[in-house]
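Given next are the chains, with one letter for each unit.
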Amino acid sequence: MESAFLLPDPDDDDAADFWRGTARGELLVQTCAACGQRRIPPRPMCPACRSLQHRWDKLSGCGTIWSFVIAHPPLLPAYQALAPYNVITVALDEDPKLRLVGNLIARPDGAINEIDPATIRIGEPVRVVFQQVEDVYLPRWIVGRGQ
Amino acid sequence: MTSTIKDRTAIVGIGQTAFGKGLDASELSLACQAISLALDDAGLAPSEVDGLAMFSMESGREVEVARNVGLGDITYFGEIGYGGGAGCGAVGHAAMAVATGQCNVAVAWRARKRSAKGSRPWANVNARLGGSNQWTRPFGLLRPVDEVAMLARRYMHEFGCTRDHLANVALAFRKHANRNPNATMHEKPMTRADYMKARWISEPLCLFDNCLETDGALAVVLVSAARAKDLKQRPVYLHAFAQSIPRQHQVMTNYFTDDPLLGPSWACARLLWQHSDFAPRDVRVAQLYDAFSPLIPLSLEGYGFCGRGEGAAFTNDGALEWPNGRLPTNTAGGGMSEAYVHGFNLVLEGVRQMRGTSTSQVDGAESCLVTSGEGVPTSALLLRR
């Protein structure tokens, strides 16, 4: 079957554990087992101490909007069908220099084009939710801190 | 610190094909045509060429170029990666090869057939992503413009850059293209109102914040400074050259570093000015890589023409415009209004400025800065008369 969306390979060498985490509803960040430095995206070696050992720390899933775009056509067909839609970058609460790209949605099963772009603000607090697309769970974000 | 290549080589020939969309010629054919024209411009025979430097993305390989154009025995060849960051790099590598005696006559070029099957936007899309793309593409951050727009929004938020500043950039380059008969936008003037009502591509960026899509090719020929004195053209000396991959950089999506708005130009500029007799205040004309308009204020800051966060304001009062601006920039129209050949057209316009043959010639300019892509591992040249 031709996949409509571009999706991560859940067996990726460096990121498989991240995607296993999202499938369990957990936002994990790769952390150096030797010096404790966290790193996004995951990679084999710690740039601070060159250790090859790492662990995965579970984060709160809270952050703030660092920047965002509103994508308009021309786009890949599956994405064009949703356009205009938002893409946001989130600075994570545990360390604002750790950032993840995602989308702002209105409800846990909402679409990426449901938020009025005029209401999106840099600095707005957001929390993570996980949406299943085929066999992958993608982190997306909802405004606010509480459940 | 002394640069071992400072002023030791010169660009002595330039060549370019017509620019267009849907040209019949293949990318290899375009490359061969541009190189052939550049050799004629220099008055050198193809058999004298013994050095080649090109983009790794080039589809015509060195062996094919050499046997088509009838080049001699090649004793240096090198390829530079990362697309738009490679242009000045290819020229710089050619210069280093000549300066160190690895070859005597080197050519560097870029041919691009944007309309070819394999170059179409969604060609070779793989639905399952590994590596860095898996952190952006699934969420719909698909195109280079989306990746730059994310940084641009943050830059606008942090430093007060507005759409009017971005329009300053687009309008300046369009005006220069209107003076250049070879530019795609030669006969297409643009007003600020045209800019403001253009359709969005990736907010906050509209259609006119984007470069063109162009088929075409350009080439330069380099020899030693000593040899250059005996050739047809006024030599344009390669005064300084630098490349950079800044620490923790991620190509195009540099959001994962401590300070994403400190792009590759900052690291590149440090070495470039260290190796140069000129400072930014001495430079009166520049060709700055402009795949997207926000790269200009970021580059102005990175290369030291103004302070951090001041790049947007720098564009006010026609500062980028010929003839009265503080720093006439992209004087042939640049990637946004002349042609987008991965920035290599900026190298040729730098050469024309130093020869005194630009259609927007800056009087009395002794040097010209040329840069390659901001946001990717990059490179820059300082050319001088």
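Residues numbered from 1 in each chain as written. Chains lettered and ligands numbered in written order. Predicted model: local features only at pLDDT ≥ 70, side-chain atom pairs only at ≥ 80, totals over all residues. Heavy atoms only, no water.

Section: the packing of aromatic side chains
The line we're drawing: Aromatic rings from Phe, Tyr and Trp, taking only the six-membered ring of Trp, are treated as a pair when their centres fall within 6.5 Å; an angle between ring planes under 30 degrees marks them as stacked, one over 60 as edge-to-face, and anything in between as tilted. With a 1.4 Å probe rolled over the protein chains alone, any residue whose accessible area is under 20% of its type maximum counts as buried; one over 50% counts as exposed, and the rest are partly exposed. Comment: the charge-over-ring label is applied if NZ (Lys) or CZ (Arg) is within 6 Å of the ring centre and within 35 degrees of the ring normal.
Going through the model one piece at a time under the given rule, you end up with ten aromatic pairs over all chains. Each ring, one from tyrosine 255 of chain B and one from phenylalanine 256 of chain B, has its centre 6.0 Å from the other, and the planes form 50°; the classification is tilted. Side by side, tyrosine 255 of chain B and phenylalanine 256 of chain B carry an identical accessibility label, which is buried. When the ring centre of phenylalanine 68 of chain A is taken as reference, the NZ or CZ atom of arginine 153 of chain B above it lies at 3.8 Å.

Some details on the pattern of salt bridges
Proximity of charged atoms lets side chains of opposite charge pair with each other. Test applied: Any carboxyl oxygen of Asp or Glu within 4 Å of a side-chain nitrogen of Lys or Arg constitutes a salt bridge here. Where helices and strands are cited, they refer to DSSP runs of H or I of at least four residues and of E of at least two residues respectively, numbered from the N terminus.
All told, the structure shown has 26 salt bridges over all chains when counted by the stated rule. Ionic pairing is found between arginine 128 of chain B and glutamate 134 of chain A, a salt bridge with its closest N-O pair at 3.5 Å. Taken together, the residues arginine 128 of chain B in strand β5 (residues 128-129) and glutamate 134 of chain A in the loop between β8 (125-133) and β9 (136-143) connect one chain to another. The exposure class of arginine 128 of chain B is partly exposed, given its relative accessible area of 28%. Note that arginine 192 of chain B is salt-bridged to aspartate 164 of chain B, the shortest N-O span being 2.7 Å.

Details of the sheet that holds strand β4 (residues 54-58) of chain A
Residue and element names in this part refer to chain A. Formally: DSSP bridges decide pairing: two strands pair if at least two such bridges lie between them.
Taken in spatial order, the three strands make up an open sheet running β3-β2-β4, and their pairing is antiparallel. Strand pairing shows two members of the sheet lacking a second neighbour, β3 (38-39) and β4, which therefore form its edges. Judged from the five bridges that link them, strand β2 (residues 28-32) and β4 form a sheet pairing that is antiparallel. Paired with valine 29 across the strands is aspartate 57, a residue of β4.

Some words on the interface of chain A and chain B
The condition that has to hold: In what follows, residue pairs with any heavy atoms lying within 4.5 Å of each other are defined as contacts. Buried area counts how much accessible surface, traced with a 1.4 Å probe, disappears from two parts once they are put together, with both parts' losses summed. The term polar contact refers here to a pair of N or O atoms within 3.5 Å; inside protein, the definition further demands a hydrogen-donor-capable atom paired with an acceptor-capable atom, and it admits residues adjacent in sequence only when both atoms are side-chain atoms. Polar here means any residue other than Ala, Val, Leu, Ile, Met, Phe, Trp, Tyr, Cys and Pro, which are nonpolar, and Asp, Glu, Lys and Arg, which are charged; Gly is therefore polar.
Taken together, the 47 residues of chain A in the interface contact 37 residues of chain B. The largest per-residue losses of area from chain A upon contact with chain B belong to Leu6, Trp66 and Val101 of chain A, which jointly make up 19% of the total buried on that side. Here chain A is connected to chain B by 24 residue pairs in polar contact (both at pLDDT 80 or more). Elements with a contribution of two residues or more to the side of chain A that touches chain B: β1 (7-8), α1 (16-23), β5 (62-71), β6 (85-92), β7 (99-102) and β9 of chain A. For the side of chain A that touches chain B, the leading source of residues is β5 of chain A, giving six residues. Here the residues of the side of chain A that touches chain B are counted per class, giving 32 nonpolar, seven polar and eight charged.

Considering the domain arrangement of chain A
Interfaces are often described in size by the accessible area the parts lose on coming together. All names here are of chain A. Heads up, the rule is: In this entry, domain limits derive from an automatic or database-based domain assignment.
When the domains of chain A are assigned, the result is domain 1 (10-58) and domain 2 (60-147). Taken over C-alpha atoms, the centre of domain 1 sits 22 Å from the centre of domain 2. The partner domain 2 presents 14 residues to the 13 residues of domain 1 that form the contact. Three residues stand out in domain 1 for area buried against domain 2, namely Leu27, Arg38 and Ile40, and they jointly supply 48% of the buried area on that side.

Describing helix α9 (residues 295-302) of chain B
An α-helical turn contains 3.6 residues, so any two residues separated by three or four positions project in the same direction. Residue and element names in this part refer to chain B. Burial analysis of α9 places eight of its eight residues in the buried class, which makes it a mostly covered element. Among the residues making up α9, those that are buried are Leu295, Ile296, Pro297, Leu298, Ser299, Leu300, Glu301 and Gly302. In this fold, the buried residues of α9 make contact with α4 (144-159), α5 (163-178), α8 (264-274) and α10 (311-314). Phi for glycine 304, located one or two positions after α9, is positive at around 90°.

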